[in-house]
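Understanding the architecture of this molecule
Next come the chains, spelled out residue by residue.
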Amino acid sequence: MLLRKMRVFRKLGGAVLLMWPLVYPAMASDTSAARDAQVAEDTLTVDLGFEFYFGGLHVLSLAAEGAVGPTRYQLESELRTRGLTNLLFRSVIRSHSSGSFAAKAAEIAATDILRPVPQTFETASDGRWGARRVTIAYADGDPQQVAAEPPYSQDNRAPVGDALRRDTVDPQTAALLSIATGAGERSCGGSVPVFDGRRRYNLNFTYLGTDELHADKQGFYTGPAMRCRLVYERIAGFDEAYAREHGDGREHEVTIWIAAFADGRLHLPVRMMADTRFGKALGHLRFIDIDASDKPVRAAGLDANG
């Protein structure tokens, strides 16, 4: 049961890794003049800290930073166990993604967006269950070279075939892609196909409305936020024993509240909640430092306008 609890905590942390860099400016593509204006803008950078709680106990910390420019992006993150969870399940997961923004003529005509296209992805973890590493190199947006340690043959899972890998993105690029359809309700809708080097899954987003949030002792944000449902749909490459035990997908639905920062140029998760078979798990944005051109935003214990 303790191992199942740790998987719940890591799933919540993974949800933030998927959702934290929700950045608009490099994806809007209204006209050629607008694109030229974007090229002139400085790169938007953001550092943030997210904390997770279960039963009132501090269980995980996430530190993340990203740089998103008119044509390229880089995203880095570190997820680390805390408190009693660290004593029982010590784990650190570090991830790095890089890519570019590209657009096909048909896509611009149909959806008016630029798509984030991954170029490299690397994730490494170390802890109670040993070291693990995955690297992916992309060509034309598709995974071409995948290396995993330990190899699939030692990991109680079958490799994901080439057909299922095509037209997928890495977990962090998935966050950018998930909101590339526009603002408001459209920024939290649709499905994103993900391949993380071992597993193939879909991230299914549903817009649930807008709530007014208030700061508390765990989270600083006060203001309006979109409420979204994120459902993690397993496709292939999962540990067979775990998949049999959790076939109902009960632990793979998370509610996420997303707020606008930096004059609407940046959208970030500020609160998360998941009801699990063990109880309620919560996540809160605790620190943010944004450098958006000449309008920096630094908040810790402040609202988004601070």
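Please refer to the structure placed before this passage.
This write-up is about the structure you can find in this document.

Definitions and limits used
Residues numbered from 1 in each chain as written. Predicted model: local features only at pLDDT ≥ 70, side-chain atom pairs only at ≥ 80, totals over all residues. Heavy atoms only, no water. Helix = DSSP H or I, 4+ residues; strand = E, 2+ residues; numbered from the N terminus. Buried < 20%, exposed > 50% of the residue type's maximum accessible area, 1.4 Å probe, protein only. Contact = heavy atoms within 4.5 Å. Areas by Shrake-Rupley, 256 points an atom, 1.4 Å probe, with all protein chains shown as cover. Phe/Tyr/Trp six-rings, centres within 6.5 Å; stacked < 30°, edge-to-face > 60°. Lys NZ or Arg CZ within 6 Å of the ring centre and 35° of its normal.

**With respect to the overall build of the protein chain**
In terms of helices and strands, the protein chain carries seven helices and 15 strands. The proportion of buried residues among the 306 residues of the protein chain is 49%. Of the contacts made within the protein chain by residues no fewer than 6 positions apart, 60% connect residues no fewer than 24 positions apart. If you sum the accessible surface of the protein chain, you get close to 13,900 Å²; carbon and sulfur atoms cover 49% of it.

**Focus: the packing of aromatic side chains**
Evaluation of the coordinates by the stated rule reveals five aromatic pairs. Pairing tyrosine 232 with phenylalanine 238 gives two aromatic rings, centres 6.1 Å apart and planes at 85°, and the pair type is edge-to-face. Residue classification places tyrosine 232 among the buried residues on the basis of a relative accessible area of 10%. On the basis of relative accessible area, phenylalanine 238 is assigned to the buried category, the value being 11%. Joined through ring pairs, the aromatic side chains of Tyr201, Tyr232 and Phe238 make up one cluster. Over the ring of phenylalanine 238 we find arginine 234; its NZ or CZ atom is 6.0 Å from the centre of that ring.

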